[in-house]
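# Structural overview
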Amino acid sequence: GEGSERRIASDAIHGINEVDEYKGGYMSDLFHGKGRYQISLTDIPEGKWVFTRCGVKMPSVQAESIVIVMEGNFDAGSFTDGRISYSDGSWFEGTFSESGQVDGTMLIKYSDGSWYEGEVREGRPHGQGVAHHPDGTVIKGKFNDGAYQDDVKEVVETARLDFKKQRKTFVY
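## Re the side chain of Ser 90
Looking at where Ser 90 falls in the secondary structure, it is placed in the loop between β7 (78-86) and β8 (91-95). Side chain to side chain, Ser 90 and Asp 88 meet in a polar contact 2.6 Å long.

Following this line, the structure appears as structure tokens:
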């Protein structure tokens, strides 16, 4: 069926406050089918934090507060495909691995305006891909753990590209 829920929680050990809201399909009390899940985290202590929600391990967070929105398809409580957006303007779009990692072929937009399309492992470019930088530089090649492999890096163009014309949009 369809439904919505709101949950407010506080982590007594670390002091992190969380407000979760979900609207969409359910099956056996689990998120299932199309849905939108918003997670608002505040009072995050200093340091690197990693959160797992709906079976997806989010890239590390280094902020006092963040809003994460998962919009797309859920399967028995796990987020399987769609877009995960962050309040800093970055997002990941694609099909998420069964292991809970941001793995596979993804379209990623970073908060600095750059974007990447290609293979991803643990939320970082890894394998074949194309990186588009804010200055207009486009680099195509093989990436290893987020870095270019210099011997295969190819600058394909330096003209400015309109990100909106290039992006693929997940339809919700």
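## Looking at the pattern of salt bridges
In this structure the tally under the stated criterion is seven salt bridges. In this structure, Glu 18 and Arg 7 form a salt bridge, with 3.1 Å as the shortest nitrogen-oxygen distance. Taken together, the positions of Glu 18 in strand β2 (residues 17-27) and Arg 7 in strand β1 (residues 2-10) put the pair eleven residues apart, joining distant regions of the chain. Among the ionic contacts, a cluster of salt bridges with common partners joins Arg 7, Glu 18, Asp 20 and Arg 53.

## Quick look at the side chain of Glu 18
Accessibility expressed as a relative area gives 9% for Glu 18, which makes it buried. A polar contact is formed between the side chain of Glu 18 and the side chain of Arg 7, at a distance of 3.1 Å.

## Describing the pairing of strand β9 (residues 104-109)
Both β8 and β9 contribute to a ladder of four bridges, which runs antiparallel. Following the sheet pairing, Glu 93 is matched in β9 by Leu 107. As judged from the six bridges shared by β9 and strand β10 (residues 115-121), these two strands associate in the antiparallel manner. Bridge pairing in β10 places Leu 107 opposite Glu 117. Connecting β9 to the antiparallel partner β10 that follows it, the hairpin turn spans five residues, and Gly 113 within it adopts a positive phi of roughly 100°.

## Digging into the packing of aromatic side chains
Each aromatic ring pair is summarised here by two numbers: the centre-to-centre distance and the angle between the ring planes. Scanning the model with the defined rule gives twelve aromatic pairs in all. Centre to centre, the rings of Tyr 22 and Tyr 26 are 5.3 Å apart; their planes meet at 85°, and the pair counts as edge-to-face. In this structure, Tyr 22 and Tyr 26 share a single accessibility class: buried. Grouped by ring-pair contacts, the aromatic residues Tyr 22, Tyr 26, Phe 31, Tyr 37, Phe 74, Phe 79 and Phe 96 constitute a single cluster. A cation sits over an aromatic face here: Arg 83 above Trp 91, 3.7 Å from the ring centre.

## Thoughts on the nonpolar core
Among the nonpolar cores identified, the biggest contains 30 residues, and Met 70 and Ile 84 are the most heavily contacted of them. For this core, the secondary structure elements donating two or more residues are β2, β3 (30-42), β6 (66-75), β7, β9 and β10. The residues contacting Ile 84, other than those within four sequence positions of it, are Val 56, Met 58, Ile 68, Val 69, Met 70, Phe 79, Ser 90, Trp 91, Phe 92 and Phe 96.

Criteria and thresholds
Residues numbered from 1 in each chain as written. Predicted model: local features only at pLDDT ≥ 70, side-chain atom pairs only at ≥ 80, totals over all residues. Heavy atoms only, no water. Helix = DSSP H or I, 4+ residues; strand = E, 2+ residues; numbered from the N terminus. Polar contact = N/O pair within 3.5 Å; in protein donor to acceptor, adjacent residues only side chain to side chain. Salt bridge = Lys/Arg side-chain N within 4 Å of Asp/Glu carboxyl O. Buried < 20%, exposed > 50% of the residue type's maximum accessible area, 1.4 Å probe, protein only. Pairing = 2+ DSSP bridges. Phe/Tyr/Trp six-rings, centres within 6.5 Å; stacked < 30°, edge-to-face > 60°. Lys NZ or Arg CZ within 6 Å of the ring centre and 35° of its normal. Core = buried A, V, L, I, M, F, W, Y, C linked by side-chain atoms within 4.5 Å. Contact = heavy atoms within 4.5 Å.

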